[in-house]
Amino acid sequence: MSIVVNAISKNYGTQKALDAISFSIQKGEITGFLGPNGAGKSTMMKILTTYLKPTSGDALVNDYSTKTQQLEVQKSIGYLAENNPLYPEMYIREYLKFQADLNNAPKERIEEVITLTGLTPEITKKIKQLSKGYRQRVGLAAALINDPEVLILDEPTTGLDPNQLKEIRSLIRTIGKTKTVLLSTHIMQEVEAICDRVIIINKGQIVADKKLDNLKKLLLKH
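Let us look at the structure shown here.

### Things to note about the packing of helix H5 (residues 132–144) against helix H6 (residues 162–175)
Each packed pair of helices is defined by two parameters, the angle between the axes and the distance between the axes.
Then, number 1: Relative orientation of the contacting elements H5 and H6 amounts to 15 degrees, with a least axis distance of 9 Å. As the angle between them shows, H5 and H6 are arranged roughly parallel. Seen along the crossing, H5 lies across H6 with a hand that is right-handed. Across the interface between the two elements, Lys132, Gly133, Gln136, Arg137, Leu140 and Leu144 from H5 touch Gln164, Glu167, Ile168, Leu171 and Ile175 from H6.

This is the structure:
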């Protein structure tokens, strides 16, 4: 299993953001983590990427514990945060070289991710000159720079126009052919367009976990 979540809870004071949730994701799956805003999606993502520690429970990513082996987890994942923090004054290739240096990635990987994420037409531009869709591509390229086995994407298509949306969805599906992808969203159409499986979370608890085809059949019955 690429991701194993075992009875994870996270409390913020008296508020329970996650309530003893468990799930596992196999290698090569594209899984949607679906729920309304405030359901606990981003909290789970931050725990899986070691930015937050759970109140109780543990999670394994690529067989590394997010509680005790944070560095190993970080080296083996790619992460695109919801707000996609970039350096707007840097040129695209300059920024990706910076990310490659941080991750000890080989220099040739920079050109590989530029090609993979379709950045070539805009490659001479500074990040601040890019559309939202191309900024998301830069974020994805940075997340892929260390050739991770697991890719974690937090609301990766927020704010994109219909054309950008189609392109980013297609790109994520392509990446998902060789990697395990977990993406959070509050939009069902997003899951239908990209994912093989959906985990639905509400008020910090998992309320459904189904293959997408099975979920569609269930919804049709109702």
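What follows picks up the thread again.
### Structural notes on H6
Then, number 1: Taking 1.5 Å of rise per residue, 14 residues should cover 20 Å, and H6 covers 20 Å from first to last C-alpha, within 8% of that figure.
Then, number 2: Within H6, burial applies to Gln164, Leu165, Ile168, Arg169, Leu171, Ile172 and Ile175. The buried residues of H6 occupy one face: seen down the axis, they fall within an arc of 160 degrees. Of the exposed residues in H6, the ones pointing more than 90 degrees away from its buried face are Pro162, Asn163 and Lys166.
Then, number 3: Against strand E3 (30–34), helix H4 (108–116), H5, strand E7 (150–154), strand E8 (180–185) and helix H7 (188–194) lie the buried residues of H6.
Then, number 4: N-cap assignment for H6: the residue whose side-chain oxygen lies 3.1 Å from the backbone N of Asn163 is Asp161.

The rules behind these values
- Residues numbered from 1 in each chain as written.
- Predicted model: local features only at pLDDT ≥ 70, side-chain atom pairs only at ≥ 80, totals over all residues.
- Heavy atoms only, no water.
- Axes fitted to C-alpha atoms, helices over the stretch in contact; angles between N-to-C directions.
- Helix = DSSP H or I, 4+ residues; strand = E, 2+ residues; numbered from the N terminus.
- Parallel < 35°, antiparallel > 145°, perpendicular 65-115°, else oblique.
- Left-handed = near helix turned anticlockwise from the far one by under 90°.
- Contact = heavy atoms within 4.5 Å.
- Expected span 1.5 Å × (residues − 1).
- Buried < 20%, exposed > 50% of the residue type's maximum accessible area, 1.4 Å probe, protein only.
- Arc of directions from axis to C-beta.
- Polar contact = N/O pair within 3.5 Å; in protein donor to acceptor, adjacent residues only side chain to side chain.

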